[in-house]
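Chain by chain, the residues run as shown.
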Amino acid sequence: MRDRIILACSECKEQNYATDKNKKLHPDRVEYKKFCPRCNKITVHKEKK
């Protein structure tokens, strides 16, 4: 049930992280606060389509 997802920065739209999630527990798109090397700060990273 775990699917691979790609997290993209909400400010610069760069795809920085790849992870997986359980679709049964989190059916909606996830958001995490993570470090963006391009912006050089902590930003919200959203699950890419």
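Quick caveat: nothing in here was measured; it's all calculated off a predicted structure.

Draft legend 1. How the structure looks around the side chain of Glu47. Residue placement: Glu47 occurs in strand S4 (residues 41–47). Since its relative accessible area comes to 11%, Glu47 is described here as buried. Side-chain polar atoms of Glu47 contact the side chain of Lys21, separated by 2.9 Å. Leaving out residues up to four positions away in the same chain, Glu47 has contacts with Ile5, Ile6, Leu7, Lys21, Asp28, Arg29 and Val30.

Draft legend 2. Up close: the side chain of Asn22. Following the sequence through the fold, Asn22 ends up in strand S2 (residues 15–22). Side-chain polar atoms of Asn22 contact the backbone nitrogen of Lys24, separated by 3.0 Å.

Draft legend 3. Molecular detail of the packing of aromatic side chains. Enumeration according to the criterion identifies zero aromatic pairs in this entry. Positioned above the aromatic ring of Tyr17, the side-chain terminus of Lys34 is 4.7 Å from the ring centre.

Draft legend 4. Structural context of the sheet that holds strand S1 (residues 2–9). Within the open sheet, the four strands sit side by side as S2-S1-S4-S3. Their pairing is antiparallel. Each edge of the sheet is formed by a strand with only one pairing partner; in this case those strands are S2 and strand S3 (31–36). Here the strands of the sheet are splayed against their neighbours by 40° on average, with no regard to which way each runs. Bridge count for S1 against S2 is seven bridges, and the pairing is antiparallel. When the sheet's bridge partners are listed, Arg2 is paired in S2 with Asn22.

About the thresholds
- Residues numbered from 1 in each chain as written.
- Predicted model: local features only at pLDDT ≥ 70, side-chain atom pairs only at ≥ 80, totals over all residues.
- Heavy atoms only, no water.
- Helix = DSSP H or I, 4+ residues; strand = E, 2+ residues; numbered from the N terminus.
- Buried < 20%, exposed > 50% of the residue type's maximum accessible area, 1.4 Å probe, protein only.
- Polar contact = N/O pair within 3.5 Å; in protein donor to acceptor, adjacent residues only side chain to side chain.
- Contact = heavy atoms within 4.5 Å.
- Phe/Tyr/Trp six-rings, centres within 6.5 Å; stacked < 30°, edge-to-face > 60°.
- Lys NZ or Arg CZ within 6 Å of the ring centre and 35° of its normal.
- Pairing = 2+ DSSP bridges.
- Axes fitted to C-alpha atoms, helices over the stretch in contact; angles between N-to-C directions.

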